[in-house]
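# Tertiary structure, described
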Amino acid sequence: MVEKAVATMTQVADDGGLLDLQAIDTDAWRLCDTRAPATDASYIVAYVERVDDGFEVVWMRGTQRRCRMATLEECAEAAARRLAEEDSSGASRPIPIAHFPPRRGL
């Protein structure tokens, strides 16, 4: 059952190649962002642990820190959404504002 769940999770998480599922234990995994180096703190997106009624997720990114999900697929989809939100809300170049020098002689 665990191997099937892990294979399913890896398949969903690898969609786009952004996420990697790494087993910590038989009932615990870490979801990692493949775009970041393994030595970077942003590499780990979440820790996932199997509990009686599904999976408990501890997020390392974003504002919500803990949640429970029914399936590993939900964990992967939520992680992919978080990565997409981070990408879309990234800093952009400031919009230039016209500056006029002060008027003289008044």
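Structure: above.
Residues numbered from 1 in each chain as written. Predicted model: local features only at pLDDT ≥ 70, side-chain atom pairs only at ≥ 80, totals over all residues. Heavy atoms only, no water.

This paragraph deals with the overall build of the protein chain. Check the secondary structure of the protein chain and you find 2 helices and 5 strands. Across the protein chain, helices and strands are ordered from the amino to the carboxyl terminus as α-β-β-β-β-β-α. Within the protein chain, buried positions represent 30% of all 106 residues. Contacts in the protein chain between residues at least 24 apart in sequence constitute 24% of all its contacts with a sequence separation of at least 6. Surface accessibility of the protein chain: about 7,600 Å² in total, with carbon and sulfur atoms responsible for 54%. (Helix = DSSP H or I, 4+ residues; strand = E, 2+ residues; numbered from the N terminus. Buried < 20%, exposed > 50% of the residue type's maximum accessible area, 1.4 Å probe, protein only. Contact = heavy atoms within 4.5 Å. Areas by Shrake-Rupley, 256 points an atom, 1.4 Å probe, with all protein chains shown as cover.)

Linking two cysteines covalently through their sulfur atoms gives a disulfide. A complete count under the given rule lists 0 disulfides for this structure. No disulfide involves C67; its sulfur sits 6.9 Å from the nearest other cysteine sulfur, which is in C75. With relative accessibility at 0%, the residue C75 sits in the buried group. (Disulfide = S-S within 2.5 Å.)

We now examine the side chain of E56. Residue placement: E56 occurs in strand β4 (residues 54-59). Look at E56 and you get buried, because its relative accessible area is 18%. A distance of 2.5 Å separates polar atoms of two side chains, one belonging to E56 and the other to R66. Excluding residues that lie within four positions of it along the chain, E56 makes contacts with Y47, V48, E49, V51, R66, C67 and R68. (Polar contact = N/O pair within 3.5 Å; in protein donor to acceptor, adjacent residues only side chain to side chain.)

Another aspect to go through is the pairing of strand β2 (residues 28-33). For β2, a buried count of 5 out of 6 residues is recorded, marking the element as mostly surrounded by other parts of the structure. Where strand β1 (residues 19-25) lies against β2, 6 bridges are found, and the strand directions are antiparallel. Pairing of Q22 across the sheet is with R30, part of β2. Turn length for the β1-β2 hairpin, with the two strands adjacent in sequence and antiparallel, is 2 residues. (Pairing = 2+ DSSP bridges.)

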